[in-house]
Amino acid sequence: MASTLGVAVVGFGWMGRVHTQAYVRLPHHFPQLGLRPELVMVAEEVPGRAEEAAAQFGFASTTRDWRAVAADPRVRAVSITAPNFLHREIGVAMAEAGKHIWIEKPVGLTAADAVAVADAVAKAGVQGTVGFNYRNAPAVERARQLIASGDIGNVTHVRVRLFSDYAAHPDGALTWRYERERGGSGVLGDLASHGADLARFLLGDIAALTADTAVFVPERSRPTGATAGHTRASGGEPGPVENEDYVSCLLRFASGARGVLEACRVSVGEQNNYGFEVHGTKGAVFWDFRRMNELGVSTGTSYQDQPVSTVFVGPGDGEFGAFQPGAANAMGYDDLKVVEAHRFVRSVAEGTPYGATLTDAVRSAAAVDAMSRSVESGAWVRVGA
């Protein structure tokens, strides 16, 4: 019989709910796992929200102060899904309290924040998993294998895109997401951090980049009450949008490959248009998150006029077999977070990191910081320098 792992969730907006559901589903998809999550505590400062979470999911206790989670000996692992500006403080505190952490990206507002959390995790000897969920898609993992095997030859260039419309409406509320002090670098931390992680996951380290950014919706209305997700708020006091709606950058990889990364949160007509195209000297591989379980693959010796085949992932690709018995039976977004939960809990059970780690978070944050420095200087910037 599996032993239990006392878990807590700090911040119960949409992502806190996703983490909780992943914990609940974990034993059904990965019954062989030696630890079974037990929902001990949920922390949420919005009045009534923690109690609603407890009633729905069965958390043993609730609190409005996340510090109570750090002090509770029943809690061994914590999901940190609070707003970005709290990630460093909470992440460091939980690690210092001896808690394993599953923390959403970005891990703070800067690379220094990510380093602080990574250092705290290393010093405490606990496990730290980061919410780079798109790398968990079985098609992405298969693409990585194709690239590493040399099936498409030497990689020459890649394009990574992350276009969304979640902030496109001009009546979108001026929440913390649009403030520099609490929301950091806007779409850079929100979406481009995923893009940097995907690029590095597929092609290796980014050596240098040059970037451009823009704010296309410069003013929004302040909300009059508590918000969750991307709430609309017309008629409130207007205020300025302080961080970026859009970023594009050219990438140079340590391997010599080149790349383009583009992200936007105000792309009308684009709903989660995330994906990549990787080109090599003998072929190419293509992935679109909206068709998450498909991979476009071009391999062979034709070079010119070489066809592209659609490959449906199946058992044997990533963790697909834990969810579906055969190819072309679709997995969804929430399934990626179950995979992430599995890798987090397995890391705790075995004392060995699986999945995206704080090291990956630091590398992604270094790329995002480099984007900001490049915009300021107008020049190419070395990543991590």
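For the structure, check the block above.
Only a predicted model underlies this, so the values are computations on that prediction, with no experimental measurement involved.

How each quantity is defined
- Residues numbered from 1 in each chain as written.
- Predicted model: local features only at pLDDT ≥ 70, side-chain atom pairs only at ≥ 80, totals over all residues.
- Heavy atoms only, no water.
- Pairing = 2+ DSSP bridges.
- Helix = DSSP H or I, 4+ residues; strand = E, 2+ residues; numbered from the N terminus.
- Core = buried A, V, L, I, M, F, W, Y, C linked by side-chain atoms within 4.5 Å.
- Buried < 20%, exposed > 50% of the residue type's maximum accessible area, 1.4 Å probe, protein only.
- Contact = heavy atoms within 4.5 Å.
- Expected span 1.5 Å × (residues − 1).
- Axes fitted to C-alpha atoms, helices over the stretch in contact; angles between N-to-C directions.

Draft legend 1. Structural detail: the pairing of strand E7 (residues 155–163). By the bridge criterion, eight bridges tie E7 to strand E13 (residues 273–280) in an arrangement that is antiparallel. Pairing of Leu 162 across the sheet is with Tyr 274, part of E13. Pairing between E7 and strand E12 (residues 258–264): seven bridges, direction parallel. Looking across to E12, one finds that His 157 is bridged to Arg 258.

Draft legend 2. Geometry of the nonpolar core. Within the largest apolar cluster, 90 residues are counted, with the highest numbers of intra-cluster contacts made by Phe 59, Leu 202, Val 278, Val 285, Trp 287 and Met 371. No other element matches the 10 residues that helix H8 (residues 187–203) contributes to this core. Setting aside residues no more than four positions away along its own chain, Val 278 makes contact with Ile 147, Ile 152, Val 155, His 157, Val 158, Leu 202, Leu 203, Gly 283, Ala 284 and Val 285.

Draft legend 3. Just helix H6 (residues 138–149), in detail. Its 12 residues give H6 an end-to-end C-alpha distance of 16 Å, which sits within 8% of 16 Å, the value for a rise of 1.5 Å per residue. Each element contacted by the buried residues of H6 is listed here: E7, H8, E13, strand E14 (284–288), strand E15 (294–298) and helix H9 (333–350). Positive phi appears at Gly 150, one or two residues downstream of H6, with a value of about 85°.

Draft legend 4. Examining the sheet that holds strand E6 (residues 128–130) more closely. Spatial ordering of the open sheet is given by E3-E2-E1-E4-E5-E6, a layout of six strands whose pairing is parallel. The outermost strands of the open sheet, each flanked by one partner alone, are strand E3 (61–63) and E6. Averaged over all adjacent pairs, the angle separating strand axes in this sheet is 25°, with direction ignored. Sheet topology note: the strand E4 (residues 77–80)/strand E5 (residues 100–103) ladder contains four bridges and is parallel. Residue pairing for E5: Val 78 is matched across the bridge by Ile 101. Strands in contact with H9 are strand E1 (3–10), strand E2 (35–43), E4, E5 and E6; relative to E5, the strand with the most contacts, it is inclined by about 160°.

Draft legend 5. Seen up close, the pairing of E13. Within E13, seven of the eight residues are buried, which leaves the element mostly enclosed by the surrounding structure. The antiparallel hairpin formed by E13 and E14 contains three residues in its connecting segment.

Draft legend 6. Fine view of the sheet that holds E15. What the nine strands build is an open sheet, ordered E16-E15-E14-E13-E7-E12-E11-E8-E17; its pairing is mixed. Of all strands in the sheet, those bounded by a partner on one side alone are strand E16 (309–312) and strand E17 (381–382). As paired elements, E15 and E16 share four bridges and run antiparallel to each other. Each residue of the ladder has a partner; that of Val 297, found in E16, is Ser 309. Strand contacts of H8: E7, strand E8 (206–214), strand E11 (246–253), E12 and E13, with the helix running at about 155° to E12, the strand carrying the most contacts. Of the strands in this sheet, E8, E11, E12 and E17 touch helix H10 (residues 358–377), which is tilted by about 60° from E8.

Draft legend 7. Here's a closer look at unusual backbone geometry. With an omega of -10°, the peptide bond between Lys 105 and Pro 106 qualifies as cis. Even without being a glycine, Asp 305 presents a positive backbone phi close to 60°. With respect to the secondary-structure elements, Asp 305 resides in the loop between E15 and E16. Take Asp 305: its relative accessible area is 72%, and that puts it in the exposed class. At Ala 328, a residue that is not glycine, the phi angle is positive and equals roughly 75°.

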